[in-house]
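Breakdown of the fold
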Amino acid sequence: MSEIKLEHLVKKYGDGFAAVNDVSLDIRDGEFMILVGPSGCGKSTLLRMVVGLEDITSGDLHINGERVNDKAPRDRNLAMVFQNYALYPHLSVYENIAFPLRLQRSRHPEPEIDEMVRRAAGLLELEEHLERKPANLSGGQRQRVAMGRALVRDADAFLFDEPLSNLDAKLRGQMRTEIARIQRRLGTTTIYVTHDQTEAMTLGDRVAVLRRGILQQCASPRELYEQPVNLFVAGFIGSPPMNFLPGRVEGDVLHLPIGDVPLPEAARAAATGHDLLIAGIRPELFEDASVLDRSRQAGGVLVDLDIDVTEWLGNELYAYVPYEPDPAVRAKLDELDRDLDGEGMRTQLVVSLDAQSRVRDGDRARLWFDPARMHLFDPESGVTLTRDEEVAARLDAENEDLRQGSLERARRAADRAVPA
Ligand SMILES: Nc1ncnc2c1ncn2[C@@H]1O[C@H](COP(=O)(O)OP(=O)(O)O)[C@@H](O)[C@H]1O
Ligand SMILES: [Mg+2]
């Protein structure tokens, strides 16, 4: 059992800069919690505050109901895995994994250490490499050793700081599923830092999105994707990212650079009092009208667009459509782009079409999309005007049920695996 509670945590470095600014999070027992955000948003600082490597300027940190602000790292019983693995080069894999056990106050007898090391090595498929030195291992194997060293300790929680960012894309994918499998199997509370939104979405029970030290939204991956609270979250989650288009409101019509669309019923109230909005449309909401079933076209709108460049990927086709941005929202979108580590490419629309589409560079293409699935944002504050709190709450409850279910299944599978 371990629950970690962050209450109004603030970290100010020597120069007075608030790297973490009033972050509150409740991490549930057995939960896989992700901290995600662009480089420099305070993820590592927050994780280091939890593990005790960084002092807490203000706020409270509770582990299992106990305030631990002033506890030394070694008394918090948390196991951390770093990005650079931090292995001891002169020690074998076996001794690297055993190291934290030899360090612990409660001295373990040698046969016990041996059993614990071999169990961790088994879980990570490192049995054959126990006598080797880290220098002779592949990147993926080194990462496993670093994980083994965390697993062996029977810690209350695992903390990961970008553990996969030194691996190539293929290995990263493999290790990702491995970490997910092990976490489920052990049911250990986990906090995992990454700047990679794919990792965040695939691993997390819940994902906490940070921007400049401030928590934006903590929710299930699905809720972040479907019901983001603001422009930042909407733009950060999803690949290729959500398109943001300036929209002028006139009665029940929204004038977008790609054409006029009727304001959906549910969005009318949200748009009240705004002349100018930012519309968010995910690339995959667009379809090539010429390959779309007529029966599916009801309710949507058709727009004729000049396609600049296309990229055919086999399973889908990306098409890029440049447009003239409205100067009134230009500054806001530029700022957002900087925050998202973008390259200032936001004045082109990206659409992801069915791979059957024959749209090619330079074509004028008829595309279809359903405005009811469009998000609308306040151009000043960036707040999502179309967010549906009821739907969000339902997604949240559903997510928690699924999490409990998979923990339960993992527990039963583990029980079966242990010989009577
Ligand atoms: N020891 C330090 N002294 C002063 N500023 C720091 C220190 N460590 C980090 N920072 C600053 O705090 C902010 C958050 O850093 P960090 O937590 O490392 O971000 P992330 O892990 O999200 O990339 C950054 O602006 C960084 O420059
Ligand atoms: Mg970091």
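Here we take up the overall build of the protein chain. Of the regular secondary structure elements, the protein chain holds 11 helices and 21 strands. Over its C-alpha atoms, taken along the principal directions, the protein chain stretches across nearly 75 × 45 × 40 Å. Residue pairs in contact within the protein chain that sit at least 24 positions apart in sequence constitute 72% of those at least 6 positions apart.

Right, let's get into the packing of helix α2 (residues 93-103) against helix α4 (residues 139-151). Following both chains from N to C, one finds α2 and α4 inclined at 30°, their axes separated by 7 Å at the closest point. As for the relative orientation of α2 and α4, their crossing is right-handed in sense. Side by side, α2 and α4 meet where V93, N96, I97, F99 and P100 of the first sit next to V145, G148 and R149 of the second. Here the residues of the contact of α2 with α4 sort into 5 nonpolar, 2 polar and 1 charged.

Another point: the sheet that holds strand β14 (residues 276-281). Spatial strand order, β13-β12-β11-β14-β21: 5 strands in an open sheet with antiparallel pairing. Of all strands in the sheet, those with a lone pairing partner are β13 (259-262) and β21 (375-377), marking the two edges. Within the sheet, the average angular offset between the axes of one strand and its neighbour, ignoring direction, is 35°. When strand β11 (residues 243-250) meets strand β12 (residues 253-256), the two strands line up antiparallel, connected through 3 bridges. When the bridges of β12 are listed, R248 appears paired with H255.

Now for the site of ligand 1. Around ligand 1, the surrounding shell consists of Y13, F17, A19, G37, S39, G40, C41, G42, K43, S44 and T45. With 3 residues, helix α1 (residues 43-51) is the largest single contributor of residues to the shell around ligand 1. Taken together, the residues that form the shell around ligand 1 break down as 4 nonpolar, 6 polar and 1 charged.

Glancing now at the environment of F236. Structurally, the position occupied by F236 is in helix α8 (residues 231-236). Residue classification places F236 among the buried positions, given that 29 C-beta atoms sit within 10 Å. For the pair F236 and V36, spaced 200 residues apart in sequence, the C-alpha to C-alpha distance is 9.4 Å. Those residues in contact with F236 that sit more than four places away from it in its chain are Q197, V209 and L340.

To continue, consider the domain arrangement of the protein chain. Domains assigned within the protein chain are domain 1 (4-226) and domain 2 (231-387). Put simply, the middle of domain 1 and the middle of domain 2, counted by C-alpha atoms, are 37 Å apart. Contacts between the two partners involve 11 residues from domain 1 and, on the opposite side, 9 residues from domain 2. For the side of domain 1 that touches domain 2, the secondary structure elements donating two or more residues are α6 (197-203), β9 (206-211), β10 (214-219) and α7 (221-226). Among the elements that line the side of domain 1 that touches domain 2, the one with the most residues is α6, at 3 residues.

What follows deals with the packing of α2 against helix α3 (residues 110-123). In contact at an axis separation of 10 Å, α2 and α3 are set at 120° when each is read in the N-to-C sense. Here α2 lies oblique to α3, going by the angle between them. Considering the relative orientation of α2 and α3, their crossing is right-handed. Mapping the contact onto sequence places Y94, I97, A98 and L101 in α2 and I113, M116, V117, A120 and A121 in α3. Here the residues of the contact of α2 with α3 sort into 9 nonpolar, no polar and no charged.

Right, let's get into the sheet that holds β10. The mixed open sheet is built from 6 strands, whose spatial order is β6-β7-β8-β3-β9-β10. Here the strands that pair on one side only, and so sit at the sheet edges, are β6 (78-81) and β10. Taken over all neighbouring pairs, the strand axes of this sheet differ in orientation by 15° on average, direction set aside. Pairing between β6 and strand β7 (residues 157-161): 4 bridges, direction parallel.

Of all 7 residues making up strand β19 (residues 348-354), 5 are buried, and the element is well covered by its neighbours. Judged from the 7 bridges that link them, strand β18 (residues 316-322) and β19 form a sheet pairing that is antiparallel. If you follow P322 over to β19, its bridge partner there is Q348.

Rules behind the numbers
Residues numbered from 1 in each chain as written. Chains lettered and ligands numbered in written order. Predicted model: local features only at pLDDT ≥ 70, side-chain atom pairs only at ≥ 80, totals over all residues. Helix = DSSP H or I, 4+ residues; strand = E, 2+ residues; numbered from the N terminus. Contact = placed C-beta atoms within 7 Å. Axes fitted to C-alpha atoms, helices over the stretch in contact; angles between N-to-C directions. Left-handed = near helix turned anticlockwise from the far one by under 90°. Nonpolar A, V, L, I, M, F, W, Y, C, P; charged D, E, K, R; others polar. Pairing = 2+ DSSP bridges. Near = placed C-beta within 6 Å. Buried ≥ 20, exposed ≤ 12 C-beta atoms within 10 Å, placed from the backbone. Domains from an automatic or database assignment. Parallel < 35°, antiparallel > 145°, perpendicular 65-115°, else oblique.

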